[in-house]
Amino acid sequence: MSASQTSDIPADVPTLLVKIFGKDRPGITAGLFDTLAAYSVDVVDIEQVVTRGRITLCALVTQPPAGREGDLRATVHSWAESMKMQAEIISGRGDNRPRGLGRSLVTVLGHPLTAEATAAVAAEITRSGANIDRIFRLAKYPVTAVEFAVSGAETEPLRTALVTEAAALGVDIAVVAAGLHRRAQRLVVMDVDSTLIQDEVIELFAAHAGCEDEVAEVTAAAMRGELDFEQSLHARVALLAGLDASVVEKVRSEVRLTPGARTLIRTLKRLGYQVGVVSGGFTQVTDDLKERLGLDFAQANTLEIADGKLTGKVTGEIVDRAGKARLLRRFAAEAGVPLSQTVAIGDGANDLDMLNAAGLGVAFNAKPMVREAAHTAVNVPFLDTVLYLLGVTREEVESADMHEED
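Rules of the game
- Residues numbered from 1 in each chain as written.
- Predicted model: local features only at pLDDT ≥ 70, side-chain atom pairs only at ≥ 80, totals over all residues.
- Heavy atoms only, no water.
- Helix = DSSP H or I, 4+ residues; strand = E, 2+ residues; numbered from the N terminus.
- Buried < 20%, exposed > 50% of the residue type's maximum accessible area, 1.4 Å probe, protein only.
- Contact = heavy atoms within 4.5 Å.
- Core = buried A, V, L, I, M, F, W, Y, C linked by side-chain atoms within 4.5 Å.
- 1 Å grid on protein atoms, 1.4 Å probe; cavity = no way out; pocket = protein on both sides within 12 Å on 5 of 7 lines; lining within 4 Å.
- Points joined across faces, edges and corners; volume = space filled by probe spheres on them.
- Salt bridge = Lys/Arg side-chain N within 4 Å of Asp/Glu carboxyl O.
- UniProt positions renumbered as here; feature names shortened; annotations may be inferred.
- Pairing = 2+ DSSP bridges.
- Right-handed = clockwise from strand over helix to strand, strands pointing away.
- Axes fitted to C-alpha atoms, helices over the stretch in contact; angles between N-to-C directions.
- Parallel < 35°, antiparallel > 145°, perpendicular 65-115°, else oblique.
- Left-handed = near helix turned anticlockwise from the far one by under 90°.
- Nonpolar A, V, L, I, M, F, W, Y, C, P; charged D, E, K, R; others polar.
- pLDDT = per-residue confidence, 0-100.

**Description of the side chain of D347**
Relative to the elements of secondary structure, D347 occurs in the loop between β13 (342-346) and α12 (352-357). Looking at D347, the relative accessible area reads 1%, which means it is buried.

Dropping the structure here:
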C-alpha cells in the first residue's frame, strides 16, 4: 500500500486490512467507508487502483471496539456481495513497514513494453537490494511508460545496474532520486540538430551550395567523435563560401521539428520550467526557433555574412562540446536553477559534456557511445517522451491541451 497515511499508530496496535475488488462503478469508495464508519474505526492508509474497469480498493483501519470485529467483517462482506464485488479482510498490527533508505523513481519506456522486459527490470531491482513500493502507468502511447517507486538502494548504483540491463532488453530506463526536487522548477536544455529538429542544419545549407556529400561525410565523422569539432566546423563552413544570404530564409523554412517537440516545450513551459537550446549549428536558425517556440535561452555559432554573401567563416565564441556544458551552467545560473535540477538532451559526442554536467542527461536516439555515457537514453522518435522521465503523465499533457483550447 501507499505511504499516504492519515494517522501515526504504534507498531503493536491491532489493525485490519480491508481489500475490495471487482467491477468499478461510482460510489464504491464512499460505500465502503460508510460501512466502516458504523464501527468507529480510524483510517490509517488507503490505496485505490482501477485497471481496465476493475477496481482494487485497500483500506488499512484500526481494529473496532472489543466484540465488534466479527460484526464488521460480516457487514463488509455483505455490502461487497450487494455490490457484486469480493472482499478480503486481514488482521495484523500497526502500519505498513517503514520504507528502506535510499528512494528512487525508475521510469521504464517500452514500444512495446513486454512482460519479459518488465520481469527483468523487477528482478534487477531486487538484486540491487531494493523493494518496489508502487508501480504507476504514466502513458500508454506513443510508448508505454511505467514508473516504479523503489526504496532500499542508493540511486546511482541502481541506475548503473538498470541502464546496463535496458540495452539488452530493448527498453529505455531512467533512474532519478525521489523527493521534493521532482516537482521543483527545472531548466531543460536541448541540442538542436537531430534532437529538437530532424535535420542537420549545415547539411541544409550545403544542399543549396551543392556540396552536401562532402559536408555530410565530415559531419558524421565529427558526431562519432573521430574529428575535433572546431576543425570540422571550419572545414564544413568554408564549403559554404559565396552562398547568397537569402538562403538563410530558405533553410529556416526547411527545418523540420522532431515529432513531439512542440508538445514537450509547451508542457514544460506550463509547468513553469525554463527551456533553452545550445547548438553547434548556427544562430541564423536557432534565433528563429527561439522566437517561434518561446524558448528562454538559445546559443549557437554564427555564420559570417558580408556584402550579402556567406564568407565561409564563423564569428564569435565557438559552441563546441565543452562550450555546450559551459552554456548549460550559464543558463542555469541565469535561470536561478541549481545544476542538479537541470535536464540536458542530445544525440552526439558533441553533447556528452553537457549531458554529464546536467542533473539528468538524456541521450535521444543517440550514437552508441553517447547512449552508454549518458544517464539515460530514449530510443523512440518522439521527443515528448522525455516528459515521462520527469513524472508527467500523458493524461496530464492532454488535459492541459484541452483546457487551453477551451
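**A few points about helix α1 (residues 28-37)**
Among the residues of α1, those classed as buried are I28, G31, L32, F33, T35 and L36. Elements in contact with the buried residues of α1: β1 (14-23), β2 (43-51), β3 (54-62) and α2 (69-82).

**Section: the nonpolar core**
If you look at the biggest cluster of nonpolar residues, it comprises 63 residues, and the most contacted ones within it are M190, L196, F205, L240, F282, L289 and I345. Among the elements that line this core, the one with the most residues is helix α5 (residues 201-209), at five residues. With residues up to four places along the chain from it excluded, the contact list for L240 reads I202, F205, A206, A209, C211, L303 and L310. Counting residues in each nonpolar core, the second largest holds 22 residues, with V278, F297, L328 and M354 among its members.

**What about the layout of surface pockets?**
A volume near 500 Å³ is recorded for the second largest pocket. Together, 18 residues line the second largest pocket, and V50, T51, F136, R137 and L138 are the ones closest to its centre. Within the residue set of the lining of the second largest pocket, elements represented by two or more residues are β2, β6 (131-139) and α15 (394-405). For the lining of the second largest pocket, the leading source of residues is β6, giving six residues.

**Focus on the pattern of salt bridges**
Counted under the stated rule, the structure contains 17 salt bridges. Between D199 and R256 there is a salt bridge; the shortest N-O distance is 2.8 Å. With D199 in the loop between β9 (187-190) and α5 and R256 in the loop between α8 (247-254) and α9 (261-270), this residue pair connects regions lying 57 residues apart in the sequence. As a salt-bridge pair, D351 and K324 come within 2.6 Å of each other at their nearest N and O atoms.

**Re the UniProt feature "domain: ACT" (unreviewed entry) in the protein chain**
If you check UniProt for "domain: ACT" (unreviewed entry), the listed places come out as residues 17-97 in our numbering. Summarising residues 17-97: 30% helix, 41% strand, and an end-to-end C-alpha distance of 14 Å.

**Considerations on the pairing of strand β14 (residues 360-364)**
Most of β14 is tucked away: five of the five residues are buried. Burial of β14 is two-sided: the residues L360, V362 and F364 facing one way and the residues G361 and A363 facing the other way are all buried. Judged from the four bridges that link them, β13 and β14 form a sheet pairing that is parallel. Bridge pairing links V343 to L360 in β14. Where the polypeptide runs from β13 across α12 and back to β14, its parallel neighbour, the crossover connection is right-handed. Sheet topology note: the β14/strand β15 (residues 376-378) ladder contains three bridges and is parallel. Across the sheet, A363 pairs through a bridge with A377, a residue of β15.

**Considerations on the packing of helix α3 (residues 115-127) against helix α4 (residues 155-169)**
Relative placement of two packed helices is described by the angle separating their axes and the distance separating the axes. As a packed pair, α3 and α4 sit with axes 10 Å apart at the nearest point and diverge in direction by 160°. As summarised for this structure, α3 and α4 are arranged roughly antiparallel, according to the angle between their axes. Judged by the twist between their axes, the crossing of α3 over α4 is right-handed. Residues A117, A120, V121, E124 and I125 of α3 touch α4, and the partners they reach there are L158, A161, L162, E165 and L169. Of the residues assigned to the contact of α3 with α4, the class counts are eight nonpolar, no polar and two charged.

**Focus on the confidence of the model for the protein chain**
Per-residue pLDDT for the protein chain has a mean of 92; in total, 96% of the residues score no lower than 70. Low pLDDT, under 50, characterises residues 1-7; the predicted model gives this stretch 25 contacts beyond four residues in sequence or across chains.

**Considering the sheet that holds β6**
As summarised here, the arrangement of the four strands in space is β6-β7-β5-β8, forming an open sheet in which the pairing is antiparallel. Because the sheet does not close on itself, it has two edges, and the strands there are β6 and β8 (172-177). Here the strands of the sheet are splayed against their neighbours by 20° on average, with no regard to which way each runs. The pairing of strand β5 (residues 103-110) with β8 spans six bridges and is classified as antiparallel. Among the inter-strand pairings, L105 is bridged to a residue of β8, identified as V176. Contacts between α3 and the sheet are confined to β5, β6, β7 (144-151) and β8, with β7 contributing the most and set at about 15° to the helix. Relative to β8, α4 is tilted by about 175°, and along the sheet it contacts β5, β7 and β8.

**A word on the sheet that holds strand β12 (residues 309-315)**
With respect to topology, seven strands assemble into an open sheet ordered β12-β11-β10-β9-β13-β14-β15, the strand pairing being mixed. Among the strands making up the open sheet, the edge pair consists of β12 and β15. Sheet twist, expressed as the average angle between the axes of neighbouring strands with direction ignored, equals 25°. Each of β10 (274-282) and β11 (297-306) is contacted by helix α10 (residues 283-293), which is oriented at about 140° to β11, the strand it contacts most.

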